[in-house]
Structure formats: C-alpha cells, structure tokens
Amino acid sequence: IEEFYQVAKLIDVNTKEELKISDNGVILTEKVADAFGIKVGEEITITDAEEVKHVVKVEGITKHYVGHCVYMSKNYYETNLLSSYQTNMLLVKAKEMSEETQNQLSENLLQIEGVASVLLMPNIMQSISDMLSTMDYVVIVLIITSAMLAFVVLYNLANINIGERKREIATL
C-alpha cells in the first residue's frame, strides 16, 4: 500500500487531511457518495464482476476528479469479498518519456498475458481536453443565440415604444 501513496493521494473531502487505506473499511470517491447519499460510517452494498453482492463499511470519502472508485486494502478485500485478491490494475509512476518511448512501453505491456489495456496519462489528458474543447463550441452557440434574443427583445421594445409615442402625438 505504501507504493500506492507514491502515485496517488486520497484527501478527505471534509477535513482535507490525507486518508489512508486500512483493513477497517473502504474509501469512496465524493461523486459516488453524493449520488447515493452515502456518509462515512455507513454500510453499503457493492457488486463484484460475478454479480455477487457484498456489504462493506465506508471509512472515508475522497476527492477524485475523473471516474468513480472504491479503494480498499488487500486484506479487507479478501475478508469481505470472500475471494482471493488478484491484481487487475497497475498504477505506474514514470519519469518524463518521449511519445515513442510511451508507445513502446504500451506495446510491451500489452504483450504480457493478462494485460487487457494500457492507459497513459498524456492520452487521458488529451481525451479530456478534446471533450472540453467541444464545449467551447456549445458556449459560442449559446452566446450568439443569447445576443440574437437580446437584439429581438430590444427591437420589439423600441417598436412598441415608438408606436405608443405615435399614438400620443396623434391624440394631441
């Protein structure tokens, strides 16, 4: 577990203190906790890959900006999910690498039996950036539409005002 803390930090959403994974419960991400109204100390039911339900205790809630996760220790997993632990994901912290080196590393990892996919942080960041850049177009469309609406409203107000003034002058 100590190696995990070299790659990621779990920060409590309320106290802003660092959370540690223990054998007493799981740590949820804030979005999951908010979506289901889960509080620290409550017991929740999670479903594993074989559709078997397990009850676990929530020991902490952490910030996590992309995705939803449940963090638990190997011992807690084996005790509460009643199955032996098998690693299905690795977090690797590497020094700056060229794109060619990253591609070579990905190819080498994918050749290992049991490796289904490799996600590189620069690729994830690029995907998120691409998704957010499409939002720029939506914002531009909203700004143009609201400007057009404002013009129409002002035009109608001016026409109504001029029409009323004509009638006032006509009655004089």
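A quick note: this is a predicted structure, and the numbers were derived from the prediction, not measured.

Conventions adopted
Residues numbered from 1 in each chain as written. Predicted model: local features only at pLDDT ≥ 70, side-chain atom pairs only at ≥ 80, totals over all residues. Heavy atoms only, no water. Salt bridge = Lys/Arg side-chain N within 4 Å of Asp/Glu carboxyl O. Helix = DSSP H or I, 4+ residues; strand = E, 2+ residues; numbered from the N terminus. Buried < 20%, exposed > 50% of the residue type's maximum accessible area, 1.4 Å probe, protein only. Pairing = 2+ DSSP bridges. Core = buried A, V, L, I, M, F, W, Y, C linked by side-chain atoms within 4.5 Å. Contact = heavy atoms within 4.5 Å. Patch = residues over 30% accessible without salt bridge, like charges linked within 9 Å, V, L, I, M, F, W, Y side chains within 5 Å. Areas by Shrake-Rupley, 256 points an atom, 1.4 Å probe, with all protein chains shown as cover.

Trainee: Can you lay out the pattern of salt bridges for me, pointing to particular residues and giving the numbers?
Mentor: Evaluated as defined, the whole model comprises 3 salt bridges. Across the salt bridge formed by Glu30 and Lys63, the nearest N and O atoms sit 3.0 Å from each other. Placement of Glu30 in helix 2 (residues 30-36) and of Lys63 in the loop between strand 3 (53-62) and strand 4 (70-71) is noted, with a sequence separation of 33 residues between them. Owing to a relative accessible area of 24%, Glu30 belongs among the partly exposed residues under this scheme. A residue is classified by how much of its surface remains accessible, and Lys63, at 32% relative accessible area, is partly exposed.

Trainee: How would you explain the sheet that holds strand 2 (residues 43-47) if you had to name every residue and give the values?
Mentor: Across the sheet, which stays open at both edges, the 4 strands sit in the order 2-3-1-4 with mixed pairing between neighbours. Unpaired on one side and paired on the other, strand 2 and strand 4 mark the two borders of the sheet. Pairing between strand 1 (residues 26-29) and strand 4: 2 bridges, direction antiparallel. If you follow Ile27 over to strand 4, its bridge partner there is Tyr71.

Trainee: For the nonpolar core, give the residues involved together with the corresponding values.
Mentor: Membership of the largest hydrophobic core is limited to 12 residues, which are Val13, Val26, Leu28, Ala33, Ile38, Ile44, Ile46, Val56, Val58, Ile61, Tyr76 and Leu81. Taken together, the elements giving at least two residues each to this core come down to strand 1, strand 2 and strand 3. With sequence-adjacent residues up to four places away left out, Val56 is seen in contact with Val26, Glu42, Glu43, Ile44, Ile46, Tyr76, Asn80 and Leu81.

Trainee: Describe a nonpolar patch on the surface, listing the residues and the values that go with them.
Mentor: A cluster of nonpolar residues, Leu132, Met135, Val138 and Leu142, forms a patch on the protein surface that exposes about 390 Å² of accessible area. Take Leu142: it is sitting in helix 5 (residues 121-171).

Trainee: Give me the lowdown on the environment of Leu109, citing residues and values where you can.
Mentor: Of note, Leu109 is situated in helix 4 (residues 99-110). C-alpha separation for the pair Leu109 and Met72, spaced 37 residues apart in sequence, amounts to 25 Å.

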